[in-house]
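Listed below are the residues making up each chain.
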Amino acid sequence: MTVPAEHGTPGGPLSEGDPSGPVSEGKPAPEAAAKSKAGRNLPAAIGVGVGLGVALILILVYVPLVWIGVVAVAMAVATWEVTKRLREAGISAPRIPLLAGGQAILWLGWPFGPVGVLSAFAGTVLVCMVWRLFDHGLKATPQNFLRDTAITVFVASWIPLLASFAVLMVLQDDGAGRVLCLMIGVVCSDVGGYAAGVLFGKHPMVPAISPKKSWEGFFGSLLFCVIGSLLTVTLILDENSMIGVLLGVVLVITATLGDLIESQVKRELRIKDMGTLLPGHGGIMDRLDSLLPSAFVTWLVLTVLV
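It should be emphasised that the depicted structure is a prediction, and the values quoted were computed from it without experimental measurement.

1. Focus: the packing of aromatic side chains
Link 1 in the chain: A full pass over the atoms with the stated rule returns eight aromatic pairs.
Link 2 in the chain: An aromatic cluster of at least three residues, connected via ring pairs, comprises F165, F296 and W299.
Link 3 in the chain: The aromatic ring of W80 is capped on one face by R95, whose charged end is 3.7 Å from the ring centroid.

See below:
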């Protein structure tokens, strides 16, 4: 639903501007003219982002429980993308139990709340461990068991567990409004960071992880996100403006860290994007990197303070 991340758009070693990636020679490819300074096809990215955003707003306003299904489908696709990339890198993350367990984590939050989420997560981790232990049969000695199971638990935590808080949020009073606070806040962070980063970005934040992410972009994200969160919390939830300011600050921090986490994952896997499903954006997971940790902190802040 978001536009491309700011001048610090996360990317692996193949991202533009990344000194560890290959250097092209001669004239740029024809499609390069359509790309922004962040290395994305900006018109396509905006079109996809606006279309997804309008669809999600309509769902949240008119049929908020459908949001659970939207989250479930998105997390299934994201899990498929990540496990596919891991397999390409020689890492065996059990795909079937991750997909099935991820759905259990999300859907059991509907009738049973946090207890259902936690129980499903623990069950998923246990099944994945056993699955990986015997995936080559009872007589074969497992190879790289510790590495693969640790990465599997990371994927289960990173994708369905964090996403479950977006499900728990929509089930609360004013749930649709709370989810809108999350989505609008992250969009404002992305837009502010992109604009400030492209226009003013000169000082890299963490060049070893994401060469294009700048401090100027971060402060642009902070400004836009605080304003956006203040407005959504006061106008949609009718709550104290200081809650909106606090939410805006923590959203920028978690969204930025989410970008950096995926950037490092992609860097280690030596890929630019997790997938190709969304033109101008990459894969589903490339649009969820900042939303997933932000879902947790939004649920936490609004649950405690509202």
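2. Looking at helix α7 (residues 215–235)
Link 1 in the chain: A rise of 1.5 Å per residue sets the reference length of α7, with its 21 residues, at 30 Å; its end C-alpha atoms lie 30 Å apart and thus fit the reference within 8%.
Link 2 in the chain: Residues of α7 that are buried: E216, G217, F218, G220, S221, C225, V226, G228, S229, T232 and V233.
Link 3 in the chain: On its buried face, α7 sits against α6 (175–200) and α8 (241–269).

3. Some remarks on the pattern of salt bridges
Link 1 in the chain: For the structure shown, the criterion picks out eight salt bridges.
Link 2 in the chain: Residue R132 pairs with D148 through a salt bridge whose shortest N-O separation is 2.8 Å. With R132 in helix α4 (residues 109–134) and D148 in helix α5 (residues 145–170), the pair connects residues that are 16 residues apart, well separated along the chain. The same class applies to R132 as to D148, namely buried.
Link 3 in the chain: Residue E262 pairs with K266 through a salt bridge whose shortest N-O separation is 3.6 Å.

4. Focus: the packing of α8 against helix α10 (residues 291–305)
Link 1 in the chain: Their axes nearest at 8 Å, the elements α8 and α10 cross at an angle of 160 degrees. When the axes of α8 and α10 are compared, the pair comes out roughly antiparallel. The handedness of the crossing between α8 and α10 comes out as right-handed. Contact residues: I243, L246, L247, V250, L251, T254, A255 and G258 in α8; P293, S294, V297, T298, V301, L302 and L305 in α10.
Link 2 in the chain: Partitioning the contact of α8 with α10 into residue classes produces eleven nonpolar, four polar and no charged.

5. A word on α6
Link 1 in the chain: Compared with the 38 Å implied by 1.5 Å per residue over 26 residues, the 37 Å span of α6 between its first and last C-alpha is a close match.
Link 2 in the chain: Counting buried positions over the 26 residues of α6 gives 20, a clear majority of the element.

6. As for the environment of M205
Link 1 in the chain: Within the secondary structure, M205 sits in the loop between α6 and α7.
Link 2 in the chain: Contacts of M205, omitting those with residues within four sequence positions, involve K213, S214, W215, F218 and T256.

7. Brief notes about a nonpolar patch on the surface
Link 1 in the chain: Together, V50, V54, I57, L58, V61, Y62, V63 and V66 make up an exposed nonpolar region whose accessible area comes to about 730 Å².
Link 2 in the chain: The dominant element in the nonpolar patch, judged by the number of residues it contributes, is helix α1 (residues 42–62), at six residues.
Link 3 in the chain: Structurally, the position occupied by V66 is in helix α2 (residues 66–88).

Rules used in this analysis
- Residues numbered from 1 in each chain as written.
- Predicted model: local features only at pLDDT ≥ 70, side-chain atom pairs only at ≥ 80, totals over all residues.
- Heavy atoms only, no water.
- Phe/Tyr/Trp six-rings, centres within 6.5 Å; stacked < 30°, edge-to-face > 60°.
- Lys NZ or Arg CZ within 6 Å of the ring centre and 35° of its normal.
- Helix = DSSP H or I, 4+ residues; strand = E, 2+ residues; numbered from the N terminus.
- Expected span 1.5 Å × (residues − 1).
- Buried < 20%, exposed > 50% of the residue type's maximum accessible area, 1.4 Å probe, protein only.
- Contact = heavy atoms within 4.5 Å.
- Salt bridge = Lys/Arg side-chain N within 4 Å of Asp/Glu carboxyl O.
- Axes fitted to C-alpha atoms, helices over the stretch in contact; angles between N-to-C directions.
- Parallel < 35°, antiparallel > 145°, perpendicular 65-115°, else oblique.
- Left-handed = near helix turned anticlockwise from the far one by under 90°.
- Nonpolar A, V, L, I, M, F, W, Y, C, P; charged D, E, K, R; others polar.
- Patch = residues over 30% accessible without salt bridge, like charges linked within 9 Å, V, L, I, M, F, W, Y side chains within 5 Å.
- Areas by Shrake-Rupley, 256 points an atom, 1.4 Å probe, with all protein chains shown as cover.

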